[in-house]
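# Architecture and fold: a report
This is what each chain is made of:
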Amino acid sequence: MDSQCSSSVGSRATIGGVGNINSTPISARIESYEGGEKKCISDVRRTFCLFVTFDLLFVTLLWIIELNGNGGIQEQLKKEVLKYDYHTSFFDIFLLAVFRFAALILAYAVCKLRHWWVIAITTAITTGFLIVKVVVSKLLSQGAFGYLLPILSFILAWIETWLLDFKVLPQEAGDEISENLISNHRYLSVQNALDREPLLHPGPVPDGQFYSPPESMADSDEDLEDKYDLEKPIV
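About the thresholds
- Residues numbered from 1 in each chain as written.
- Predicted model: local features only at pLDDT ≥ 70, side-chain atom pairs only at ≥ 80, totals over all residues.
- Heavy atoms only, no water.
- Helix = DSSP H or I, 4+ residues; strand = E, 2+ residues; numbered from the N terminus.
- Buried < 20%, exposed > 50% of the residue type's maximum accessible area, 1.4 Å probe, protein only.
- Contact = heavy atoms within 4.5 Å.
- Core = buried A, V, L, I, M, F, W, Y, C linked by side-chain atoms within 4.5 Å.
- pLDDT = per-residue confidence, 0-100.
- Expected span 1.5 Å × (residues − 1).

## Re the overall build of the chain
Check the secondary structure of the chain and you find seven helices and zero strands. Of the regular secondary structure in the chain, the N- to C-terminal order runs α-α-α-α-α-α-α. When the 235 residues of the chain are sorted by exposure, 26% land in the buried category. Put simply, 77% of the contacts in the chain that link residues at least 6 apart link residues at least 24 apart.

Quick look at the structure:
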């Protein structure tokens, strides 16, 4: 009897374990799969951040070439930085590139912002500053770099705006919609599979569940002797 009770309890525990095994790993597998598919930053946003970095490096390179071509870097740094003059210095164009880089990388790489207002501000400030500087200052009289640095800074700022507004944000919105549709389809498929599958699986049949005693012999020796005594003739 004790063996029967223990076997029935063991079968119930086995059935309960089967139900937990069937329910838990499926959801865990879905969460791990969806977590593996999600990227920390998209490819098109990474390209945009690389272009912003290129903007800073390119303007810096041109400014260093301009410093080195006018009598030495140290002397020109003292003239353009320590003795800054808005009409003749290129140092403010370099600072403008640093400002664009810091604002855009912080907004779209660190904070992963999905709006255009940050790049709208940086492009508007860059455009207004360069237009005023070209009109008021005397950069055009300082050779080729008086043309190159303002024009290239203006073009790079607007290329960044075009990349974000027409490439990064629309593609990320489309990718997010596709991921949501795929995840919903996967969730519905798993739910349908769980609904069709029984929650409790039949366990093994215990040994003593259907017990029947062995059949006894129809005529034993004692019954035969009693029957023989009754059939004796009475003398």
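Now that the structure has been shown, we can carry on.
## Things to note about unusual backbone geometry
Of note in the backbone geometry, lysine 112 takes a positive phi value of approximately 55 degrees without being a glycine. Position of lysine 112 relative to the elements: it lies in the loop between helix H4 (91–110) and helix H5 (117–136). What makes lysine 112 partly exposed here is its relative accessible area of 41%.

## Topic: the nonpolar core
In terms of nonpolar packing, the biggest core is built from 30 residues, with Phe48, Ile93, Leu104, Tyr108 and Leu164 touching the most fellow members. Only helix H2 (43–68), H4, H5 and helix H6 (145–196) provide two or more residues apiece to this core. A total of ten residues in this core trace back to one element, the largest contributor, which is H2.

## Observations regarding the confidence of the model for the chain
Per-residue confidence for the chain gives a mean pLDDT of 76, with 63% of residues at or over 70. Model confidence for the chain, summarised as mean pLDDT per element, is weakest for helix H1 (residues 2–37) at 46 and strongest for H4 at 96. Predicted confidence for residues 1–24 stays below pLDDT 50, and this span has twelve contacts to residues more than four positions away or in other chains. When the criterion is pLDDT under 50, residues 32–37 qualifies, and its contacts beyond four places in sequence or with other chains add up to four contacts.

## Some remarks on the side chain of glutamate 172
Within the secondary structure, glutamate 172 is located in helix H6. Contacts of glutamate 172, omitting those with residues within four sequence positions, involve Ser42, Val44, Arg45 and Arg114.

## Here's the deal with H4
In this model H4 runs 27 Å from its N-terminal to its C-terminal C-alpha over 20 residues, within 8% of the 28 Å that 1.5 Å per residue would give. All of the buried residues along H4 are Phe91, Asp92, Ile93, Phe94, Leu96, Ala97, Arg100, Leu104, Ile105, Ala107 and Tyr108. Positive backbone phi, at 55 degrees, marks lysine 112, one or two positions downstream of H4.

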